[in-house]
Amino acid sequence: MLGRVNHVAIAVPDLATAAESYRTMLGANVTEPQALPEHGVTVVFVTLPNTKVELLEPLGAASPIAAFLAKNPAGGMHHICYEVADIIAARDRLKEAGARVLGDGTPKIGAHGKPVLFLHPKDFQGTLIELEEV
Ligand SMILES: CC[C@@H](C(=O)O)C(=O)SCCNC(=O)CCNC(=O)[C@H](O)C(C)(C)COP(=O)(O)OP(=O)(O)OC[C@H]1O[C@@H](n2cnc3c(N)ncnc32)[C@H](O)[C@@H]1OP(=O)(O)O
Ligand SMILES: [Co+2]
């Protein structure tokens, strides 16, 4: 069911500082900020030869990452995104297996313009999983 790792996401308290650190300290190629109010985050992507790193900061008062940053004020690894060919089939298989699909189960359009869903971290070894249909 799982394809490539599309991205690994790091929640950060300040996106500009984090992006600059990747550019100057790590010599990385970092995209410009993308505000995604429907997700409650602003993101940049660090482009790598084999995958991406998504740096994200809260956007708006109801950001889903606010509680995470309250617990991890310096930031930290937030989620891993796996690619799937058919997100509805993946969702239904996971629900059948007893996994909690977050939200109402309807995929949202993610940062790459593709449908995404999230799976509860408590069902996957303490790791928040995002699925992106490619
Ligand atoms: C940019 C768009 C898109 C893309 O295209 O890439 C994105 O990536 S958007 C990214 C932001 N959106 C989301 O994260 C949506 C899914 N997340 C959620 O629905 C919530 O964050 C959550 C996972 C349900 C947690 O909600 P929260 O308000 O933090 O609830 P709790 O504080 O009660 O947490 C419950 C429990 O889970 C632990 N937790 C929370 N977040 C994570 C995490 N990222 N990784 C691992 N564990 C996490 C939290 O510590 C609690 O555990 P206990 O304290 O042991 O109960
Ligand atoms: Co993501």
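Once a new chain begins, its residue numbering starts again from 1 and follows that chain's sequence as written. Following the order in which they are written, the chains are lettered starting with A and the ligands numbered starting with 1. Residues qualify for local features only when their pLDDT is at least 70, as the model is predicted, and side-chain atom pairs are given and counted only at 80 or more; totals for whole chains, interfaces and linings, by contrast, use all residues. Each side-chain value is worked out from all heavy atoms of the structure, with water and hydrogens disregarded.

## Notes on the nonpolar core
Here is a general trend for soluble globular proteins: nonpolar side chains tend to be buried in one another's company.
Here comes step 1: Buried Ala, Val, Leu, Ile, Met, Phe, Trp, Tyr and Cys residues that are joined via side-chain atoms within 4.5 Å together make up what is termed a nonpolar core. Three labels apply to residues, based on accessible area from a 1.4 Å probe with only protein chains included: buried if under 20% of the type maximum, exposed if over 50%, partly exposed otherwise in between. Membership of the largest hydrophobic core is limited to 12 residues, which are Ile-80, Val-84, Ile-87, Ala-90, Leu-94, Ala-99, Val-101, Leu-117, Leu-119, Phe-124, Ile-129 and Leu-131.
Here comes step 2: Secondary-structure elements contributing two or more residues to this core are strand E6 (76-84), helix H3 (87-96), strand E8 (115-119) and strand E9 (128-133).
Here comes step 3: Per element, the largest residue contribution to this core is 3 residues, and it comes from H3.
Here comes step 4: Any two residues whose heavy atoms approach within 4.5 Å at even a single point are treated as in contact. Setting aside residues up to four positions removed in sequence, Ile-87 forms contacts with Pro-107, Pro-115, Val-116, Leu-117, Leu-131 and Glu-133. Put simply, DSSP H or I for four residues or longer makes a helix, DSSP E for two residues or longer makes a strand, and each gets a number counted from the N terminus.

## Here we look at unusual backbone geometry
Here comes step 1: Although it is not a glycine, Gln-125 sits at a positive phi angle of roughly 55 degrees.
Here comes step 2: Residue placement: Gln-125 occurs in the loop between E8 and E9.
Here comes step 3: Here Gln-125 falls in the exposed class, since its relative accessible area comes to 73%.

## Thoughts on the coordination of the cobalt ion (ligand 2)
Here comes step 1: Shown as donors are all N, O and S atoms within 2.8 Å of a metal ion, widened to 3.2 Å for Na, K and Ca; because water is not in the atom set, sites may appear incomplete. Protein coordination at the cobalt ion (ligand 2): the donors are His-7 (NE2), Glu-54 (OE), His-79 (NE2) and Glu-130 (OE), at 2.1 to 2.5 Å from the metal.
Here comes step 2: Coordination at the cobalt ion (ligand 2) comes from 6 donor atoms whose angles at the metal span 76 to 168 degrees, giving a geometry best classed as octahedral.
Here comes step 3: The motif formed by the donor residues of the cobalt ion (ligand 2), counted along the single chain, is H-x46-E-x24-H-x50-E. Here His-7 is found in strand E1 (residues 5-11), whereas its partner His-79 is found in strand E6, with 72 residues between them in sequence. Residues His-7 and His-79 agree in their burial class; the two are buried. Any site counts as irregular unless it has four donors with all angles between 85 and 135 degrees, making it tetrahedral, or four or six donors with opposite ones more than 155 degrees apart and the rest between 65 and 115, making it square planar or octahedral.

## Regarding the UniProt feature "domain: VOC" (unreviewed entry) in the protein
Here comes step 1: UniProt positions are given in the numbering used here, feature names are shortened, and annotations may be inferred rather than shown by experiment. The UniProt entry lists residues 4-134 under the feature "domain: VOC" (unreviewed entry), expressed in the numbering used here.
Here comes step 2: Across residues 4-134, helical content stands at 20% and strand content at 37%; the span's end C-alpha atoms are separated by 10 Å.

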